[in-house]
Amino acid sequence: MSQFQCPCCDYFSLKCRAEIDICKICFWEDDGNDLTSLDVHSGPNHMTLREARENFKEFGACDLDMKRNALSFEQRQKYQFKVRET
């Protein structure tokens, strides 16, 4: 069961942190960046965490190209969610 919160979408969808786990919700590849490093470029994701969080709010995925892989709003309902403010 997933127990760690994704730094991009705020859903508890990761099995571990900073181990290159990919979030099933938004498709962010967890490289260890978190809210304390929003503007640090993420190599695996080719953007900053701030950009990815804004993308998720806008269209439900960390990146528009990843939208086809991300879970729909209905599919997300089985995951715990808690908003974290930046």
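Only a predicted model underlies this, so the values are computations on that prediction, with no experimental measurement involved.

1. What to know about the UniProt feature "domain: Cysteine-rich CPCC" (unreviewed entry) in the protein chain
UniProt marks residues 4-72 with the feature "domain: Cysteine-rich CPCC" (unreviewed entry), using the numbering shown here. Here residues 4-72 is 16% helix and 13% strand, with 20 Å between the C-alpha atoms at its ends.

2. Examining helix H1 (residues 49-59)
Residues of H1 that are buried: Leu49, Ala52, Arg53, Asn55, Phe56 and Phe59. Mapping the buried residues of H1 onto a view down its axis gives an arc of 160°, with all of them on the same face. Residues of H1 that are exposed and point more than 90 degrees away from the buried face comprise Lys57 and Glu58. In this fold, the buried residues of H1 make contact with strand E4 (47-48) and helix H2 (73-76). Note on H1: the residue one or two positions beyond its end, Gly60, has a positive phi of about 80°.

3. Here we look at the nonpolar core
In this structure, Cys6, Cys8, Cys9, Ile25, Cys26 and Trp28 are the most contacted members of the largest nonpolar core, which totals 17 residues. Sorting elements by how many residues they give to this core places H1 first, with three residues. Sequence-distant contacts of Cys6, defined by excluding residues within four places in its chain, comprise Tyr11, Ser13, Leu14, Cys23, Cys26, Trp28 and Arg84.

What counts, and where the lines are drawn
- Residues numbered from 1 in each chain as written.
- Predicted model: local features only at pLDDT ≥ 70, side-chain atom pairs only at ≥ 80, totals over all residues.
- Heavy atoms only, no water.
- UniProt positions renumbered as here; feature names shortened; annotations may be inferred.
- Helix = DSSP H or I, 4+ residues; strand = E, 2+ residues; numbered from the N terminus.
- Buried < 20%, exposed > 50% of the residue type's maximum accessible area, 1.4 Å probe, protein only.
- Arc of directions from axis to C-beta.
- Contact = heavy atoms within 4.5 Å.
- Core = buried A, V, L, I, M, F, W, Y, C linked by side-chain atoms within 4.5 Å.

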